[in-house]
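Residue strings, one per chain:
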Amino acid sequence: MNNDIKKADWSPESWRKLPISQLPDYPDNDDLEKAYRELRKYPPLVTSWEIDSLKKKLASASRGEMFLLQGGDCAETFEHCNDGHIVKLLKVLLQMSFIMIHEMNIGVVRVGRIAGQYAKPRSNSHERIGDLEYPIYRGDIVNAFDVDAKLRVPSPQRLVEAYHKSGLTLNFIRALTENGGFADLHHPEYWELDFMRKNKYYEEYANLVNSITNAVRFMEGILPTELVSVRQVEMFTSHEALNLYYDSAQTRQSPHKTGWYNMSTHMPWIGNRTRDPKEAHVEYFRGINNPIGVKVGPPYDVDEIADLVKVLNPSNEEGKITLITRFGSSKVEEGLPALIDKIEGRGLKVLWSADPMHGNTFATDEGIKTRAFDDILSEIKKSFAIHKDAGTILGGVHLEMTGEDVTECVGGANGLKANGLSSNYQSYCDPRLNYEQSLELAFLISREWKQHARK
Ligand code: PEP
Ligand code: CO
């Protein structure tokens, strides 16, 4: 266990001394170091005060005063760096958050899996396609998805490209969420109601939009304009900090502050496969000031998870750790209560969030990877109930979703069937909820929250 290594021994590069999982097999180390040095020269993508502000909001969510909505693509790609894709994801996240704010009556912290979610953990290093073996696709930050032996070779230059694409994406998000943009609550016409017309939630959604606009007008009528901040909405970014060359190159100190910040994103998270306390990822994460997500699902040991939380957050700071549980609907009742017991029993402060996606993946008879809307909803419902029983709070959800009209998850109000999956299946990795399924889930999550979490 590396908690006997003192913080003084930590540096953005101290992880390099430890064994590491999921590291791509880069053919040329000099090229890799060159790309790393280049990345170190570039300006940060986010700021320390944004990171600190997110941590405070996550602390509020851990107390049940706000709710964390984290979501986006499983694997963001370089091609996703275009206006259509970014606008659509932002729009669906905003619309979901408006539904939740309205229904739950508390603030929602929006965190996209975006602007850097380019690295994927994989079970195998190679895959067989036809008669040939290829290096596995590890996300656009490492190699190309194309079935081409050359393009599948990990290329360090992609680390630099990931930085540029993240910067462009973030720049557009910032522009869109500024005053008067489409996130402006004065313009419900931007919220695209048309696609909902055929959906059973249409009336509920239309009423909600009306009541939000009335509330905005009312507030403006009684308060001076400078006090009304409804024109601007906040949006944070997150990604799995898997390729540590990328994240450590952007790990910087901030003037007048102590400690180090990963300034490539607001909220990096540790994946379920790289949370071994003896290995490099945990070593990297224990030294940064950012709020950290930790994925927890089988296989795991409750004591190990509690030790890990302690290593990552020795001062037990509120808002620092978000435990994102991902058991699967059929296993959550078996796994979650003991984990809650251990974490709470040791007095460790965490924000509990549920990822109802990764434990509910299965392949159809045709071999298409999918998830059922009902399993996703069921894991969320069970998680709310388990937390209520334990006296803890489920303060957030972590979803794989898109603003596009894809056909990757079965079920939902429109009843997508397995035989309809191939009509618009686009994901390079895991299946995502589409626009309509995401909005529907926002209503249903709000409903559960009202039943279970309200004090
Ligand atoms: C993911 O979030 O895409 C992922 C790989 O999750 P996990 O680490 O929980 O398997
Ligand atoms: Co995934």
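To start, this report covers the structure provided alongside it. (Residues numbered from 1 in each chain as written. Chains lettered and ligands numbered in written order. Predicted model: local features only at pLDDT ≥ 70, side-chain atom pairs only at ≥ 80, totals over all residues. Heavy atoms only, no water.)

Some details on the site of ligand 1
Part 1 of the argument: Inspection of the region around ligand 1 gives Cys 74, Arg 113, Lys 120, Pro 121, Trp 269, Gly 271, Asn 272, Lys 295, Arg 326, His 358 and Glu 400 as its neighbouring residues.
Part 2 of the argument: Arg 113 is positioned such that a nitrogen or oxygen atom in its side chain is 2.9 Å from an oxygen atom of ligand 1.
Part 3 of the argument: In the environment of ligand 1, an oxygen atom lies 2.7 Å from a nitrogen or oxygen atom belonging to the side chain of Arg 326.
Part 4 of the argument: A total of 300 Å² of accessible area belongs to ligand 1 in isolation, and the protein chains cover 97% of it.
Part 5 of the argument: Of the residues belonging to the shell around ligand 1, the class tally is 3 nonpolar, 3 polar and 5 charged. (Near = heavy atom within 4 Å. Polar contact = N/O pair within 3.5 Å; in protein donor to acceptor, adjacent residues only side chain to side chain. Areas by Shrake-Rupley, 256 points an atom, 1.4 Å probe, with all protein chains shown as cover. Nonpolar A, V, L, I, M, F, W, Y, C, P; charged D, E, K, R; others polar.)

A closer look at helix 2 (residues 48–62)
Part 1 of the argument: For helix 2, built from 15 residues, the straight-helix expectation of 21 Å at 1.5 Å per residue is met to within 8% by its first-to-last C-alpha distance of 21 Å.
Part 2 of the argument: Burial in helix 2 covers these residues: Ser 48, Glu 50, Ile 51, Leu 54, Lys 55, Leu 58, Ala 59, Ser 60, Ala 61 and Ser 62.
Part 3 of the argument: Once helix 2 ends, the next one or two residues include Gly 64, with phi positive near 80 degrees. (Helix = DSSP H or I, 4+ residues; strand = E, 2+ residues; numbered from the N terminus. Expected span 1.5 Å × (residues − 1). Buried < 20%, exposed > 50% of the residue type's maximum accessible area, 1.4 Å probe, protein only.)

Topic: the environment of Pro 337
Part 1 of the argument: Tracing the sequence through the fold places Pro 337 in helix 9 (residues 332–345).
Part 2 of the argument: Put simply, Pro 337 and Pro 44 are 293 residues apart on the chain and 40 Å apart in space, counted from C-alpha to C-alpha.

What to know about the pattern of salt bridges
Part 1 of the argument: Per the counting criterion, the structure on display carries 26 salt bridges.
Part 2 of the argument: Glu 133 is paired through a salt bridge with Arg 128; the nearest N and O atoms lie 3.9 Å apart.
Part 3 of the argument: By relative accessible area, Arg 128 is classed as exposed at 55%.
Part 4 of the argument: Between Lys 369 and Asp 430 there is a salt bridge, with the nearest N and O atoms lying 2.8 Å from each other. A residue pair is termed long-range when its members are at least 10 positions apart, and Lys 369 in strand 13 (residues 369–371) and Asp 430 in the loop between strand 14 (394–400) and helix 11 (435–452) qualify at 61 residues.
Part 5 of the argument: On the basis of relative accessible area, Lys 369 is assigned to the partly exposed category, the value being 34%.
Part 6 of the argument: Bridged by salt links that share partners, the residues Arg 113, Lys 369, Arg 371, Glu 400 and Asp 430 form one connected network. (Salt bridge = Lys/Arg side-chain N within 4 Å of Asp/Glu carboxyl O.)

Details of the environment of Ala 241
Part 1 of the argument: Relative to the helices and strands, Ala 241 is located in the loop between strand 5 (236–240) and helix 6 (244–249).
Part 2 of the argument: Between the C-alpha atom of Ala 241 and that of Tyr 118, which follows or precedes it by 123 residues, the distance is 9.4 Å.
Part 3 of the argument: Apart from the residues lying within four places of it in its own chain, the contact partners of Ala 241 are Asp 247, Pro 268, Trp 269, His 281 and Phe 285. (Contact = heavy atoms within 4.5 Å.)

Digging into the coordination of the cobalt ion (ligand 2)
Part 1 of the argument: The protein atoms that coordinate the cobalt ion (ligand 2) are Cys 74 (SG), His 358 (NE2), Glu 400 (OE) and Asp 430 (OD), at distances of 2.1 to 2.4 Å.
Part 2 of the argument: Going along the chain, you hit the donors of the cobalt ion (ligand 2) in the pattern C-x283-H-x41-E-x29-D. With His 358 in the loop between strand 11 (351–354) and strand 12 (361–363) and Glu 400 in strand 14, this residue pair connects regions lying 42 residues apart in the sequence. As far as burial versus exposure is concerned, His 358 and Glu 400 are alike and both buried. (Donors = N, O, S within 2.8 Å, 3.2 Å for Na, K, Ca; no water.)

Quick notes on the packing of helix 3 (residues 83–104) against helix 11
Part 1 of the argument: Helix 11 packs onto helix 3 with a crossing angle of 20 degrees between their chain directions and a minimal axis gap of 9 Å. Classified by the angle between their axes, helix 3 and helix 11 sit roughly parallel to one another. Like other packed secondary-structure pairs, helix 3 and helix 11 cross with a definite hand, here right-handed. On helix 11, the residues touching Lys 91, Val 92, Gln 95, Met 96, Ile 99, Met 100, Glu 103 and Met 104 of helix 3 are Tyr 435, Ser 438, Leu 439, Ala 442, Phe 443, Ile 445, Ser 446, Trp 449 and Lys 450.
Part 2 of the argument: Residues of the contact of helix 3 with helix 11, tallied by class, amount to 11 nonpolar, 3 polar and 3 charged. (Axes fitted to C-alpha atoms, helices over the stretch in contact; angles between N-to-C directions. Parallel < 35°, antiparallel > 145°, perpendicular 65-115°, else oblique. Left-handed = near helix turned anticlockwise from the far one by under 90°.)

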